[in-house]
Amino acid sequence: MNYSQTLEFLFTSMPSFQRVGGDAYKPGLERIAAFCQHIGNPQRNYYAIHVAGTNGKGSVSHMLASILREAGYRTGLFTSPHLADFRERIRVDGEMIPKQKVVNFVDKHQAKMQELDLSFFEMTAAMAFDYFDQSDVEVAVIETGLGGRLDATNIITPILSIVTNIGLEHTEFLGDSIEKIASEKAGIIKKSVPVIIGQRDDSYNHIFERRAEELNSRLLFAEQEWTLQGVEHFDNDNQHFSLVRERDGRGYELDIDLLGDYQRHNIVTVCAAADFLAEHTPLTISRRAHRQGLATAAASTGLVGRWQVLAREPYTVCDTGHNAHGMRYVAAQLDALEQERVIAVMGFAREKDLDKIMPLLPKRVHYIFTRASIERARPVEDIAAVATSLGLDFECQPTVKEAVARARSLAEPTDAIFIGGSNFVVAELTEIATKIGLD
């Protein structure tokens, strides 16, 4: 098979959650464990950091990978979903896995993957573990796919576990309450392996405290280890943060090449993790590596879609925030835009609870609702019905391309355009961006 044929096999014979949603979800570790044993358990051959959470785990994973690379370690990074290219999921030192490596892996192991009836995500995780081993990776940052306890990535034994935060998401799989979801995320905690919780909350702190005590695992809350003193948006591409390390009162002035107000939470988590790794594991991370890794996190790891500026006139941004927990931050920043007129192109996945997400949307915005060209996308008619009940100012367009074109035709140079609501909308945007003149 060539690369295109290999991808076709993966996406058709092993349905992905990204494409079809819950029908692709296969909880449990038996299949991935059996397959990894078949290929020699490559996940045991390097240090690993395991990252879970409702929101922020992608940003945290990319920032940590950038810091580790700056510290001189050959660094693997496994994340999901991808936007434009399947290979975005698997990177070593910022470079995507070569196409031929994807082809070779599938050619070699196709029969065993089919025998074990692996899910798309299980196959992808195993491919990452194997590629990292082949590439002499020294430390890998592994992001969970869905949940934690039964996630395919949970066969690793990391040197540090991280849970960014907890919100209601994928309730049909993880449970219909914050406590149940927290219990699933807490499932990544391993015996005697330290765990950092990014954001404290009285509704779930006790879940992690109890689990860590049961497993004799040291538990740290990032917000008790590092304190954010201030944030400054000093240009259109970077943010400046002032933080204090609580254990010695030392101040840190840090820049990140990521926008989005929600990064104020993520940077505290990352600082707590990097500091812990430097102080309590075999890894050495200098202050310089810490600083430089954050300053070039997006550039060095290929991270996109986090309040990403696409154009200046009109000011155009996209963001992949897509659940109620994440949309709360996005909606607040949308409402705070200084431009008097804001136009938002938005679509949603079919399983998202519109009754929880859409009331968060600011009413001063003119919305253009659309549907991404993927099975999981929510019909525009459903979105329009909720928008009407909420009294939102909106119109509809049948495709993302037409919706973005419509927004650009309406906008004056002094206006703002936002594009998001779903990973799928942003993914299609990345495919058409150059064609419509966006950066």
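Residues numbered from 1 in each chain as written. Predicted model: local features only at pLDDT ≥ 70, side-chain atom pairs only at ≥ 80, totals over all residues. Heavy atoms only, no water.

Undergrad: Explain the pattern of salt bridges to me, please; I cannot follow it from the model alone.
TA: When the charged atoms of two side chains lie near each other, side chains of opposite charge can form a pair. In this structure the tally under the stated criterion is 19 salt bridges. As a salt-bridge pair, Glu184 and Arg149 come within 3.1 Å of each other at their nearest N and O atoms. With a gap of 35 residues between them, Glu184 in helix H8 (residues 178–185) and Arg149 in the loop between strand E5 (139–143) and strand E6 (160–163) connect regions that are remote in the sequence. With relative accessibility at 13%, the residue Glu184 sits in the buried group. In this structure, Arg247 engages Glu279 in a salt bridge whose closest nitrogen and oxygen atoms are separated by 3.3 Å. Pair noted here: Arg247 is in the loop between strand E10 (239–245) and strand E11 (250–256) and Glu279 is in helix H11 (residues 263–280), with a separation of 32 residues, a long-range link. (Salt bridge = Lys/Arg side-chain N within 4 Å of Asp/Glu carboxyl O. Helix = DSSP H or I, 4+ residues; strand = E, 2+ residues; numbered from the N terminus. Buried < 20%, exposed > 50% of the residue type's maximum accessible area, 1.4 Å probe, protein only.)

Undergrad: Sorry, what's going on with the sheet that holds E10 here?
TA: Sheet strands pair via backbone hydrogen bonds, and the direction of the pair is either parallel or antiparallel. Spatially, the 3 strands line up as an open sheet ordered E9-E10-E11, and their pairing is antiparallel. Of all the strands in the sheet, the pair left with one neighbour each is strand E9 (226–232) and E11. Adjacent strand axes in the sheet meet at a mean angle of 25 degrees when their direction is disregarded. Here H11 sits on the sheet in contact with E9, E10 and E11, set at roughly 45 degrees to E10. Across the sheet, helix H12 (residues 287–295) is in contact with E9 and E11; its angle to E11 comes to roughly 30 degrees. (Pairing = 2+ DSSP bridges. Axes fitted to C-alpha atoms, helices over the stretch in contact; angles between N-to-C directions. Contact = heavy atoms within 4.5 Å.)

Undergrad: What is the right way to look at empty space enclosed by the protein in this model?
TA: Think of a ball as big as a water molecule: rolled over the atoms, this probe shows where empty space is left. Within this structure, the stated rule accounts for 2 cavities of 30 Å³ or more. The space that makes up the second largest cavity amounts to roughly 60 Å³. As for the second largest cavity, its lining consists of Ala65, Ser66, Arg69, Thr75, Leu77, Asp93, Gly94, Ser300 and Thr301. If you list the elements that add at least two residues to the lining of the second largest cavity, you get helix H4 (57–70), strand E2 (75–78) and helix H13 (297–301). If one sorts the elements of the lining of the second largest cavity by residue count, H4 sits on top with 3 residues. For the lining of the second largest cavity, a count of residues per class yields 2 nonpolar, 5 polar and 2 charged. (1 Å grid on protein atoms, 1.4 Å probe; cavity = no way out; pocket = protein on both sides within 12 Å on 5 of 7 lines; lining within 4 Å. Points joined across faces, edges and corners; volume = space filled by probe spheres on them. Nonpolar A, V, L, I, M, F, W, Y, C, P; charged D, E, K, R; others polar.)

Undergrad: Any chance you could explain the packing of aromatic side chains here in plain terms?
TA: Each aromatic ring pair is described using two quantities: the centre-to-centre distance and the angle formed by the ring planes. Per the stated rule, a full pass over the model turns up 11 aromatic pairs. With 6.1 Å between their ring centres and 75 degrees between their planes, Tyr46 and Phe132 make a pair best called edge-to-face. Separated by 86 residues along the polypeptide, Tyr46 in the loop between helix H3 (30–38) and strand E1 (47–52) and Phe132 in helix H6 (residues 120–134) bring together distant segments of the chain. Judged by relative accessible area, Tyr46 falls into the buried class, the value being 10%. Three or more aromatic residues joined by ring pairs form one cluster here, namely Phe11, Phe86 and Phe120. Positioned over the ring face of Phe221 is Arg200, at 4.4 Å from the centre of the ring. Directly above the ring of Tyr252 sits Arg287, whose terminal nitrogen or CZ lies 4.0 Å from the centroid. (Phe/Tyr/Trp six-rings, centres within 6.5 Å; stacked < 30°, edge-to-face > 60°. Lys NZ or Arg CZ within 6 Å of the ring centre and 35° of its normal.)

Undergrad: Teacher, can you tell me more about the sheet that holds E2 here?
TA: The mixed open sheet is built from 8 strands, whose spatial order is E4-E3-E2-E5-E1-E6-E7-E8. Every interior strand has two partners, whereas the edge strands, strand E4 (95–96) and strand E8 (219–221), have only one. Relative to E6, E1 runs parallel, the two sharing 4 bridges. Directly across from Val51, in E6, lies its bridge partner Ile162.

Undergrad: Hey, could you run me through the environment of Gly94 in this one?
TA: Among the structural elements, Gly94 can be located in the loop between strand E3 (90–92) and E4. Gly94 sits 136 residues away from Gly230 along the chain, and the two C-alpha atoms are 29 Å apart. Residues within four places of Gly94 in sequence aside, it is in contact with Arg69, Ser300 and Thr301.

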